[in-house]
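Chain and residue survey
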Amino acid sequence: MPPPPLLALVDGNNFFCSCERVFDPKLRFLPLIVLSNNDGCVISRSQEVKDLGIPMGIPLFKIKDQIHQHQIQIRSTNFPLYNDMSQRLMQTLKRFAVKNEIYSIDESFLWIPSTIPPRPWALELRAKILHETGLPVSVGVAPTKVLAKLSNRLAKKRPSTAGVWIWENNRETESLLKITPCEEIWGIGGKLSLFLKTNGIQTISEFIATERGWVRQHLGVTGERIWMELHQVPTLGFEETPQLQKSILCSRSFGKEVSSLEELKEAISTHLVSAAEKLRSQKTVAGAIHLFLASNRFKEKKSSTPSTLSHRLLIPTDYTPALIEIGFKLLEKLYRPDQKYKKAGILLSDLQERNHQQLHWFEETVQEEKQQRLMETMDRINRHWGCEKITLGSSGLNKSWSGKSSQRSPNYTTSWSELPLVR
Ligand SMILES: [Mg+2]
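Residues numbered from 1 in each chain as written. Predicted model: local features only at pLDDT ≥ 70, side-chain atom pairs only at ≥ 80, totals over all residues.

With respect to the overall build of the protein chain
For the protein chain, the helix and strand inventory stands at 13 helices and 13 strands. Here the protein chain holds 423 residues, and 30% of them are scored as buried. When contacts within the protein chain are restricted to residue pairs at least 6 apart in sequence, those whose partners lie at least 24 apart make up 67%. (Helix = DSSP H or I, 4+ residues; strand = E, 2+ residues; numbered from the N terminus. Buried ≥ 20, exposed ≤ 12 C-beta atoms within 10 Å, placed from the backbone. Contact = placed C-beta atoms within 7 Å.)

Encoded structure:
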């Protein structure tokens, strides 16, 4: 029997920063950060910024001094650009694999025949991507998904690897696992690693040495599958991840104070459109919607806490118009015309797998299939042409409530009027 195929995880380095650097070469040699919507927090850091110890997610105002001192360059988020660069990256990756699975905007798993020597393959792949897209990536190759993820992290953290780490059972790997904490394992989040720590399991090598029965008893079937994968037994197939997201949150501060119901409806609709898209991408349906509004806590002390309303669905759904209809009902109940709102958001919870839903009457099933086809078409078009190419009218066109992006770079690759110029 031929040996099982190998898996590679390819992941863009500091992806948003790297996209910015492709089109603005002067940024290549300067420390750079990209900010979240509304220019609030740091969501991508160049290596120079990481080396300064500036953490991910920190609000901009907290690092004003460092920005000045180290001349850190700032860019507002530019998703049309990142999305387009992601598609270019994925196009190149496709040519290198038997099968591939896009995992996030800058990550993809590739299945490669085990007859291919992995190191030369990975080095060539890296060079091709850099040549064709200008993006630096790291490659981790291993027999299972969890180990491929881990190998990728090892490749990123160790400059001596030239961005490629091939999983091998040797002394070097063993000693690395002895010093790598459990939270570096894909699927073991902060909470679980804290639980493991309280049980005396600090490092990956200690987790691997833990008895399988104990892992199953305390971490459930998902934990057991992760443990198996670390023992080089593949348990996660195509499009399988070790954990299912339990809730989806979409919220954003407004760029100005908002008091009109119409603008709030646009914001809620926009959030629900993207949350529902996320639901469908992970093949889940939501069992409950929670909506919250927050007013300006500095100006209106009395009503500083966000007000929230929830609704439980009789039949869980991922159908955008149905979610928006409920969202609007909640909003109308919660809305006060005399308030000035700073933020609105929605949370979808009680998520369950789409296939595990109960069956309904025949007519409902036919209706549902039509709705599903409509949503699939919308998602496909948006995936291909960039987000929000097709959306619901209720989300509004000019979004006057939306956040400010004072430092956004041009849409170099998706807008004719913003093409890069060569002088
Ligand atoms: Mg990345």
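That shown, we press on.
Brief notes about helix H10 (residues 212-230)
Along an α-helix, residues three or four positions apart point the same way, because every turn accommodates 3.6 residues. Here H10 is 19 residues long, yet its end C-alpha atoms lie only 12 Å apart, well below the 27 Å a rise of 1.5 Å per residue gives. A bend of about 135 degrees at leucine 219 is the largest found in H10. For H10, the full list of buried residues reads Val215, Leu219, Gly223, Arg225, Ile226, Trp227 and Glu229. Phi turns positive, to about 70 degrees, at glutamine 232, one or two residues after H10. (Expected span 1.5 Å × (residues − 1). Bend = angle between axes of the 7 residues up to and from the residue.)

A look at the packing of helix H11 (residues 261-281) against helix H12 (residues 320-334)
Here H11 crosses H12 at 145 degrees, and the two axes come no closer than 9 Å. Handedness of the crossing formed by H11 with H12: right-handed. On H12, the residues touching Leu264, Lys265, Ile268, Ser269, Leu272, Val273 and Ala276 of H11 are Thr320, Leu323, Ile324, Gly327, Phe328 and Leu331. Split by residue class, the contact of H11 with H12 holds nine nonpolar, three polar and one charged. (Axes fitted to C-alpha atoms, helices over the stretch in contact; angles between N-to-C directions. Left-handed = near helix turned anticlockwise from the far one by under 90°. Nonpolar A, V, L, I, M, F, W, Y, C, P; charged D, E, K, R; others polar.)

A look at the sheet that holds strand S3 (residues 42-45)
Working definition: the strands of a sheet are paired by backbone hydrogen bonds and lie parallel or antiparallel to each other. With mixed pairing, the three strands of this open sheet are ordered in space as S3-S2-S4. In the strand order of this sheet, the two ends are held by S3 and strand S4 (73-76), each with one partner. The mean inter-strand angle of the sheet, taken between neighbouring strand axes irrespective of direction, is 30 degrees. Bridge count for strand S2 (residues 32-35) against S3 is three bridges, and the pairing is antiparallel. Within S3, the residue paired with valine 34 across the bridge is serine 44. (Pairing = 2+ DSSP bridges.)

Describing the sheet that holds strand S8 (residues 164-166)
Within the open sheet, the five strands sit side by side as S5-S6-S1-S7-S8. Their pairing is mixed. Strands at the two margins of the open sheet, each flanked by one partner only, are strand S5 (99-104) and S8. Here the average twist between neighbouring strands, direction ignored, is 15 degrees. With six bridges connecting them, strand S1 (residues 6-12) and strand S7 (residues 137-142) associate as antiparallel partners. Residue valine 10 lies in a different strand from S7, and its bridge partner there is valine 139.

Topic: unusual backbone geometry
Here asparagine 14, not a glycine, exhibits a phi torsion of approximately 40 degrees, which is positive. Locating asparagine 14 in the fold gives a position in the loop between S1 and helix H1 (15-23). A residue is classified by how many C-beta atoms lie within 10 Å of it, and asparagine 14, with 23 of them, is buried. Within the chain, alanine 162 stands out as a residue other than glycine whose phi angle is a positive 60 degrees.

Re the environment of leucine 32
Within the secondary structure, leucine 32 is located in strand S2. For leucine 32, a count of 24 C-beta atoms within 10 Å puts it in the buried group. Between the alpha carbons of leucine 32 and glutamine 47 there is a distance of 8.5 Å; along the sequence they are 15 residues apart.

Quick notes on the nonpolar core
One finds Ala8, Val139, Val141, Ala148 and Ile185 to be the most contacted residues of the largest nonpolar core, which totals 54 residues. Among the elements that line this core, the one with the most residues is helix H6 (residues 145-157), at six residues. Split by domain, the residues of this core number at least three in each of domain 1 (1-168) and domain 2 (169-243). When neighbours within four sequence positions are excluded, valine 141 is seen to be in contact with Leu6, Ala8, Pro118, Ala122, Ala148, Ser151, Ile166 and Trp167. (Core = buried A, V, L, I, M, F, W, Y, C linked by C-beta atoms within 7 Å. Domains from an automatic or database assignment.)

What to know about the environment of methionine 85
With respect to the helices and strands, methionine 85 occurs in helix H4 (residues 79-94). Overall, methionine 85 belongs to the buried group, with 27 C-beta atoms counted inside 10 Å. Taking the C-alpha atoms as reference points, methionine 85 and phenylalanine 15, separated by 70 residues in sequence, lie 9.4 Å from one another. Among all residues touching methionine 85, those that are not within four sequence positions of it are Cys19, Thr133 and Leu135.

Some details on the environment of isoleucine 63
Here isoleucine 63 is to be found in the loop between helix H2 (47-51) and helix H3 (64-70). Under the C-beta neighbour-count criterion, isoleucine 63 is labelled partly exposed, with 19 such atoms within 10 Å. Here the alpha-carbon distance between isoleucine 63 and valine 42, two residues 21 residues apart in the chain, equals 9.8 Å. Residues in contact with isoleucine 63, not counting those within four places in the same chain, are Ile54 and Ile58.

Any functional reading would require information beyond the geometric quantities listed.
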